[in-house]
Amino acid sequence: MDHDNPIVHDIFGIPGADLNLSNLLMTFIVSLIVFVFCVWGSRKLQMKPKGMQNFMEWAVEFVRGIIKDNMDWKTGRVFLPLGLTLIFYILVSNLIGVATVGTVGHTLWWKSPTADAVMTLTLSAMIIVLTHYYGIKVQGTKAYFKTYVSPVPLMLPFKIVEEFTNTLTLGLRLFGNIYAGEILLGLLVGLATSSIFGFFGAAIPMLAWQGFSVFIGGIQSYVFVMLTMVYMSHKVSSDH
């Protein structure tokens, strides 16, 4: 699948400041889908839930369970909106490029935003920054930075390196899984459109891989939220 990305180079005349318009478009579309879906699922709340309210309440309990597995609920309840936003946004981002790919000529416009390393690393960097913010907010500035030299000052460089590795692993794990899935789907689509024999040869593997990609997309959204709460608990819990 040989496609070009719609990139605007050197924004505001800054060398190297490039903007991928496909990422911008798909981020907006995914955000809109998540917003509409959540409003639709919670617009008519009832004491006896049914339909979409059942699903929304299940999602809330699911994310609540992830948080409670990593920290006490009194501390972690503030992270429930963050967890819900992440799991819905990443799930939709992972799946939106599984069934369809949109191109104009040789330019790729419609794809999974999480199939781009810049997007996933930016998201993971934002999460790491948030963990520092809440760590300082909960523990206080002096107590928080003291954890970097505990139990001995020799730990400082190791803990600094750990912050970078956490950012990289959180972002690249998500990117690698989704990008690999889209590459293989692209190859199967290319085979299917090459000839009538290629169509029949690729049809079943493509359907099977699409189903597997849906599974991987769900698992990766769960893993991202789980690791987010693990990192957050290390910053805000007094026993870490």
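Quick notes on the rules
- Think of each chain on its own: its residues are numbered from 1, step by step along the sequence as written.
- The predicted origin of the model limits local features to residues at a pLDDT of at least 70 and limits the giving and counting of side-chain atom pairs to 80 or more, whereas totals for whole chains, interfaces and linings rest on all residues.
- Hydrogen atoms and water are omitted, and side-chain values are computed over all heavy atoms in the structure.
- By the criteria applied, helices consist of DSSP H or I runs no shorter than four residues and strands consist of E runs no shorter than two, each listed in order from the N terminus.
- Buried, partly exposed and exposed residues are distinguished by accessible area as a fraction of the type maximum, computed with a 1.4 Å probe on protein chains only: under 20%, between the cut-offs, and over 50%, respectively.
- Using a 1.4 Å probe, the Shrake-Rupley method yields the accessible areas, and only the shown protein chains count as cover for residues.
- Among buried residues, the Ala, Val, Leu, Ile, Met, Phe, Trp, Tyr and Cys ones that are joined through side-chain atoms within 4.5 Å form a nonpolar core.
- The contact criterion used throughout is that any non-hydrogen atoms of two residues lie within 4.5 Å.
- UniProt positions are given in the numbering used here, feature names are shortened, and annotations may be inferred rather than shown by experiment.

Trainee: Tell me about the overall build of the chain, residues and numbers included.
Mentor: Each helix and strand counted, the chain has 8 helices and 4 strands in total. Listed by position from the N terminus, the elements making up the chain come as β-β-α-α-α-α-β-β-α-α-α-α. Counting the 240 residues in the chain, one finds 35% classified as buried. For the chain, the accessible area works out to roughly 14000 Å², and carbon and sulfur atoms hold 72% of it.

Trainee: Explain the nonpolar core residue by residue, including any values.
Mentor: In terms of nonpolar packing, the biggest core is built from 36 residues, with Ile 67, Met 71, Phe 79, Leu 86, Phe 88, Ile 90 and Phe 224 touching the most fellow members. When residues of this core are assigned to their parent elements, the largest contribution, 9 residues, is made by helix H8 (residues 196-236). In this view, Ile 90 contacts Leu 123, Leu 174, Ser 221 and Phe 224; residues no more than four positions away in its chain are not counted.

Trainee: How would you sum up the UniProt feature "transmembrane region" (unreviewed entry) in the chain? Please name residues and give values.
Mentor: Here, UniProt's "transmembrane region" (unreviewed entry) annotation points to residues 24-42, 78-97, 117-136, 183-206 and 212-232. Span residues 24-42 is 95% helix and 0% strand, its end C-alpha atoms 27 Å apart. Across residues 78-97 one finds 90% helix and 0% strand; the C-alpha atoms that close the span lie 32 Å apart.

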